[in-house]
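# Fold and contact review
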Amino acid sequence: MINITLPDNSIKAFEAFPTGMDVAKTISEGFARSCVAMEVDGQPMDLSCDITCDCGLKFITTRDDAALEILRHSAAHVMAEAVQNLYERAALTIGPVVEDGFYYDIDMDPISEEDFPAIEAEMQKIIKAKKNFERTVVSKDEALEMFKDNPYKVELIQALDDQEISLYRQGGFTDLCRGPHIPHTGMIKGVKLMKTSGAYWRADQTRQQLQRLYGTAFFDKKALKKHLHLIEEAQKRDHRKIGTKLDLFSFHQEAAGMPFFHARGMDMWNVLLDYWREAHREAGYVETKTPVMLSRHLWEKSGHWENYRENMYTSVVDEEEYAIKPMNCPGGMLLYKTGSHSYRDLPLRAGEIGLVHRHELSGALSGLFRVRAFHQDDAHIFMMPEQIEEEILGVLQLVEKVYSQFGLGFHLELSTRPEKSIGSDEKWEQATNGLRNALDKYGKEYLINEGDGAFYGPKIDIHIKDALGRTWQCGTIQLDMALPERFDLTYKGADNGKHRPVMIHRVIYGSIERFFGILVEHFAGKFPLWLAPVQAILLPINDALNSHAKKLQKQMSALGIRCEVDKRTESLKKKIREAQVNYVPLIITVGEKEKESGTLAVRTLDGKVRMGLTMEEFSQVVLKHIKERTLDAQLFQ
RNA sequence: GCCCAUGUAGCUCAGUAGGUAGAGCGCUUCCUUGGUAAGGAAGAGGUUCAACGGUUCGAAUCCGUUCAUGGGCUCCA
């Protein structure tokens with residue numbers, strides 16, 4: 001007789017040992033069908049397992065996020081079987097679940113997406129056959145014997161501590177696996193292979209290159225469709241495409257990974273920085289600037305020469321070696337040391353829009369998201385140890401203010417001391433507590449990544465969430481216990497003694513180039529008025545009105561509205577269409593009526609037209625929206 | 001840096017048994033002077049197909065190298 005406690009605290013008693021599925025069926029047949037796996041006292045297990053003692057039992061149903069992972073892992077097995085059926089010499093390695101799907105690394109000849117239909121067809125056969133996933137346990141030696149033809153599996157098995165090894169079998173296919181799995185292959189309703197790439201065995205460049213096959217799977221076709229739609233949507237928003245279309249920026253072979261900003265892109269760039277400067281001035285920051293190229297001696301002192309050299313561009317000037325800065329901090333150190341500092345002057349918040357260069361691997365470059373030259377909206381804050389909490393809190397508040405200006409949500413992650421680190425236990429504790437207390441005081445939930453901090457100090461990373469729900473790490477607040485030491489920074493305390501200041505590095509946009517790209521995708525090119533590269537376009541109805549339109553443009557420009565005239569000899573319809581597809585927020589048609597009455601006919605992107613606005617009325621509304629940086633597309637009531 | 005794919009007019013792309021380049025958009029000119037999502041016609045534009053080298057009587061098309069781009073891997077003290 002055993003008693004099983006369910007999440008609602010009800011207890012079910014069984015005479016014999018039931019399987020999980022048996023228990024599920026006592027709830028209802030329908031419920032049992034939706035069950036994927038179970039947790040017995042928190043341990044994930046297959047539904048087919050016997051329950052042999054009193055325990056707490058929680059079913060994982062198709063609605064749980066955990067279920068999706070189990071399904072995808074099972075789908076990886078199905079894909080592996082399919083590949084093995086089709087390619088005899090394919091040697092399986094590992095096939096984990098990743099965000100959005102799964103992959104399997106397989107030692108086989110290179111394949112391409114053209115091979116996908118055949119593999120998918122084979123997978124469908126396996127799925128249709130509704131093969132049960134059966135778990136068996138063997139000894140390590142037995143497992144080694146079974147997989148003796150596959151050196152990868154042998155290596156995996158040997159690395160396992162357990163003496164007992166679980167295997168999963170679906171039909172004639174068996175794979176080494178911890179499990180759990182879904183009951184049978186038929187539950188995989190929506191599955192698709194996504195892409196393929198090379199990957200190294202154990203991520204080691206010196207070892208065998210494997211074929212990585214990516215796929216994704218869902219419990220129903222609809223969810224798969226939705227997922228594919230989201231991907232499509234993201235592709236449409238690709239900042240590289242929109243950047244070209246809206247004439248914002250470009251890339252050239254002559255400077256790989258280093259973006260060129262066009263006039264319109266620069267307009268937006270300046271708007272971003274104007275806002276940044278305004279917000280930082282209000283938050284008590286000063287702005288500084290340090291050189292792009294600095295002597296090797298400095299980098300040796302900062303430790304970059306030793307630790308970051310492979311990413312740095314160098315040059316020789318007058319027989320002295322120089323490096324182009326990959327970070328702004330060493331220059332910031334020199335600035336701090338320019339004068340003496342009193343505790344009364346702390347915290348000192350020194351911002352810098354610093355242009356940095358990092359030699360990223362050629363294969364890593366990607367649009368504005370991964371570049372070799374970019375600007376950081378950096379700031380170094382120097383303070384007394386007891387100011388850490390309040391200062392961090394201030395940065396968090398600034399972060400929230402800036403991101404919400406763009407309608408971006410965010411979440412926080414705290415990274416603590418890693419194994420390899422410098423500094424005393426006491427200092428780490430003080431620093432980490434400072435960050436933690438600030439986070440607690442701030443009140444928003446945060447994740448903790450134990451041991452994920454930099455070797456020189458703990459940090460808070462800020463991940464923003466865009467309109468498609470994708471997250472991007474942009475902001476970071478890093479406490480640095482190394483540099484103040486290396487550069488012997490001091491301040492004069494109230495006791496008239498020398499003290500070591502605490503320093504943090506922090507960015508909010510992060511890389512301005514990257515943030516720019518994120519904004520392009522977040523808004524899908526349809527920027528709010530205050531950000532739009534072209535805020536208003538004047539469309540003369542006929543050529544005779546070009547000069548009147550030109551006059552209006554001058555007036556608007558003088559008011560600070562970014563405004564153009566489309567004076568091509570084209571039909572009004574065409575000009576409107578183009579302005580509309582280029583997302584110009586204010587489309588102003590200029591006809592005889594407007595000229596005579598001195599008014600404006602304004603069309604907004606929702607297609608609505610307001611006639612008879614005076615320049616006064618128009619500019620009042622428009623300038624208000626620009627000044628307040630509103631996100632709302634409803635410009636006029 | 002590694003693997004795979006791609007690189008043709010400003011943009012998007014077509015062009016395979018290798019025979020000396022095309023379309024749409026854009027641009028220019030002309031006609032139309034139009035009232036809220038594409039009016040019509042003509043024309044220019046590629047140092048000739050990323051660059052360099054090779055095979056061939058002949059290469060955008062085949063081969064090699066390099067560069068760049070894309071997707072991954074890796075890296076990101």
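Residues numbered from 1 in each chain as written. Chains lettered and ligands numbered in written order. Predicted model: local features only at pLDDT ≥ 70, side-chain atom pairs only at ≥ 80, totals over all residues. Heavy atoms only, no water.

### Describing the nonpolar core
Counting residues in each nonpolar core, the largest one holds 63 residues, and the members touching the most others are Tyr403 and Phe406. Among the elements that line this core, the one with the most residues is helix α13 (residues 388–405), at 9 residues. When near neighbours in sequence (up to four residues on either side) are disregarded, tyrosine 403 contacts Leu408, Phe410, Ile462, Ile464, Cys474, Gly475, Ile508 and Phe515. Listed in part, the 37 residues of the second largest apolar core include Val36, Ala90, Phe133 and Met187. (Core = buried A, V, L, I, M, F, W, Y, C linked by side-chain atoms within 4.5 Å. Buried < 20%, exposed > 50% of the residue type's maximum accessible area, 1.4 Å probe, protein only. Helix = DSSP H or I, 4+ residues; strand = E, 2+ residues; numbered from the N terminus. Contact = heavy atoms within 4.5 Å.)

### Some remarks on the protein's contact with RNA strand B
The environment of RNA strand B is made up of 50 residues, and the closest members are Ser197, Tyr200, Ile541, Asn542 and Arg603. Near the protein, meaning within 4 Å, the atoms of RNA strand B are sugar or phosphate in a fraction of 49%, with bases accounting for the rest. In this structure, a phosphate oxygen belonging to RNA strand B sits 2.6 Å away from a side-chain N or O atom of serine 571. In terms of residue count, the dominant contributor to the surface near RNA strand B is helix α18 (residues 572–581) (8 residues). Among the residues making up the surface near RNA strand B, the classes are represented as 18 nonpolar, 18 polar and 14 charged. (Near = heavy atom within 4 Å. Polar contact = N/O pair within 3.5 Å; in protein donor to acceptor, adjacent residues only side chain to side chain. Nonpolar A, V, L, I, M, F, W, Y, C, P; charged D, E, K, R; others polar.)

### Examining the sheet that holds strand β4 (residues 43–45)
Reading across the sheet, the 5 strands line up as β2-β1-β5-β3-β4 and stay open at both edges, with mixed pairing between neighbours. A strand with exactly one partner marks an edge of an open sheet, and here the two such strands are β2 (11–14) and β4. Across this sheet, the average inter-strand angle for adjacent strands is 35°, counted without regard to direction. Pairing of strand β1 (residues 2–5) with β2 involves 4 bridges; the strand directions are antiparallel. Its bridge partner being in β2, asparagine 3 is matched across the sheet by alanine 13. Sheet contacts for helix α1 (residues 20–27): β1, β2, β3 (35–40) and β5 (55–61); angle to β5, the most-contacted strand, approximately 75°. Contacting β3 and β5, helix α3 (residues 65–86) crosses the sheet at an angle of about 70° to β5. (Pairing = 2+ DSSP bridges. Axes fitted to C-alpha atoms, helices over the stretch in contact; angles between N-to-C directions.)

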